[in-house]
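# Secondary and tertiary structure notes
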Amino acid sequence: SNCGYLRLGQIVGLNNVIETAHALGVSADLEAVPSLPLGVFNITPLEMAAAYAAIANDGVYNAPYFIERVEDRFGNVIYEHEPTPSRAISVQSARLVTSVLADNVRSGTGTRAQLANQVAAGKTGTAQDFGDAWFVGYTPYLATAVWMGNPEFRIEMRNVGGRNVTGGSYPAMIWGQFNTG
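Residues numbered from 1 in each chain as written. Predicted model: local features only at pLDDT ≥ 70, side-chain atom pairs only at ≥ 80, totals over all residues. Heavy atoms only, no water.

### A few points about the pairing of strand β6 (residues 132-138)
Here is the rule we go by: Partly exposed describes any residue whose relative accessible area lies between the buried limit of under 20% and the exposed limit of over 50%, with all areas from a 1.4 Å probe on protein chains only and scaled to the type maximum. Here a helix means four or more residues in a row that DSSP labels H or I, a strand means two or more in a row labelled E, and each is numbered from the N terminus. By this definition, two strands are paired if DSSP reports at least two bridges between them.
When you tally the buried positions in β6, you get 7 out of 7 residues, the bulk of the element. Pairing of strand β5 (residues 121-126) with β6 involves 6 bridges; the strand directions are antiparallel. Bridge pairing in β6 links Thr124 to Phe135. Linking β5 back to β6 in an antiparallel pair, the connection comprises 5 residues, with Asp129 at a positive phi of about 60°. Counting the residues between successive antiparallel strands, the hairpin from β6 to strand β7 (residues 143-149) contains 4 residues.

Structural data, given as structure tokens:
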């Protein structure tokens, strides 16, 4: 499927891919290189989860935040987060992406992320030489990113627990277990 995503990036235009990624909350400095659609630039797990949350939210992006509300000891609200949603992609695009990502969990590389009692959609990712492995996905209630790797320098994750680490192995299993609990 990587070849299909590379071709799609060329068809829609790499600058449009970058514009869409930024609309979905990705702040990384992305370059219009042919491998861009494969995820060759460093993006944080928080940004990935927020981007996927926007897809799950019919294309509406809400920036991640850490504090919902602060009250004093008497219950007076000192601070309350005020969301500023923005349309990142069309409803139709978001629902088409969800369909593709749900199929990936049902019968693709993300099957280890399947949930018994709810729909899940997500995507695996594996860097060259098994240096990074991802599963990013969502349910109707929560978007979550699982990343395995070393933030300082690339370490090949070969023969970890008897297997090479891919996005469809440990990250998908962790994602599935987290979303089951």
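Resuming the write-up.
### Some words on the packing of aromatic side chains
Put simply, the rule is: Any two of the Phe, Tyr and Trp rings considered here, Trp counted by its six-membered ring, make a pair once their centres fall within 6.5 Å; the pair's planes then place it as stacked at under 30 degrees, edge-to-face at over 60, or tilted in between. Whether a charge sits over a ring depends on NZ of Lys or CZ of Arg being within 6 Å of the ring centre and within 35 degrees of the ring normal.
Taken as a whole and judged by the stated rule, the model has 3 aromatic pairs. Aromatic pair Trp134 and Trp147: ring centres 6.5 Å apart, planes at 50°, arrangement tilted. Highlighted residues: Trp134 in strand β6 and Trp147 in strand β7, separated in sequence by 13 residues. On the basis of relative accessible area, Trp134 is assigned to the buried category, the value being 17%. The class of Trp147 is partly exposed, set by a relative accessible area of 29%. Over the face of the ring belonging to Tyr170 we find Arg163, whose NZ or CZ atom lies 5.1 Å from the ring centre.

### Topic: the pattern of salt bridges
The cut-off we apply is this: Salt bridges are counted wherever a side-chain nitrogen of Lys or Arg sits within 4 Å of a carboxyl oxygen of Asp or Glu.
Summed over all chains, the structure comprises 6 salt bridges. A salt bridge links Arg106 to Asp103; the nearest nitrogen and oxygen atoms lie 2.3 Å apart. Of this pair, Arg106 and Asp103 both sit in helix α4 (residues 91-107), separated by 3 residues, roughly a single helical turn. By relative accessible area, which is 36% here, Asp103 ends up partly exposed. Note that Asp129 is salt-bridged to Arg158, the shortest N-O span being 3.6 Å. Separated by 29 residues along the polypeptide, Asp129 in the loop between β5 and β6 and Arg158 in the loop between β7 and α5 (170-180) bring together distant segments of the chain. Owing to a relative accessible area of 37%, Asp129 belongs among the partly exposed residues under this scheme. For Arg158, a relative accessible area of 41% puts it in the partly exposed group.

### A short note on unusual backbone geometry
One non-glycine residue, Asp58, adopts positive backbone phi at about 55°. For Asp58, the position within the fold is in the loop between α3 (45-56) and β1 (60-61). The phi torsion at Asp129 lies on the positive side, around 60°, for a residue other than glycine.

### Describing the pairing of strand β3 (residues 77-80)
Sheet topology places strand β2 (residues 69-71) next to β3; 3 bridges connect them, and they run antiparallel. Among the inter-strand pairings, Glu71 is bridged to a residue of β3, identified as Val77. Hairpin remark: β2 followed by β3, antiparallel, with 5 residues in the connecting loop; positive phi at Gly75, about 90°.

### Regarding the nonpolar core
Inside soluble globular proteins, nonpolar side chains tend to come together where they are buried. This is how the line gets drawn: In these notes, a set of buried Ala, Val, Leu, Ile, Met, Phe, Trp, Tyr and Cys residues joined through side-chain atoms within 4.5 Å is what counts as a nonpolar core. Residues count as neighbours in contact if any of their non-hydrogen atoms are within 4.5 Å of one another.
Counting residues in hydrophobic clusters, the biggest one holds 20 residues, and the most contacted among them are Val26, Leu30, Met48, Tyr52 and Tyr138. Non-local contacts of Leu30, meaning those with residues more than four positions away in its chain, are made with Ile18, Ala21, His22, Leu36 and Phe41. Grouped together as the second largest cluster of nonpolar side chains are 8 residues, Val105, Leu115, Ala120 and Trp175 included.

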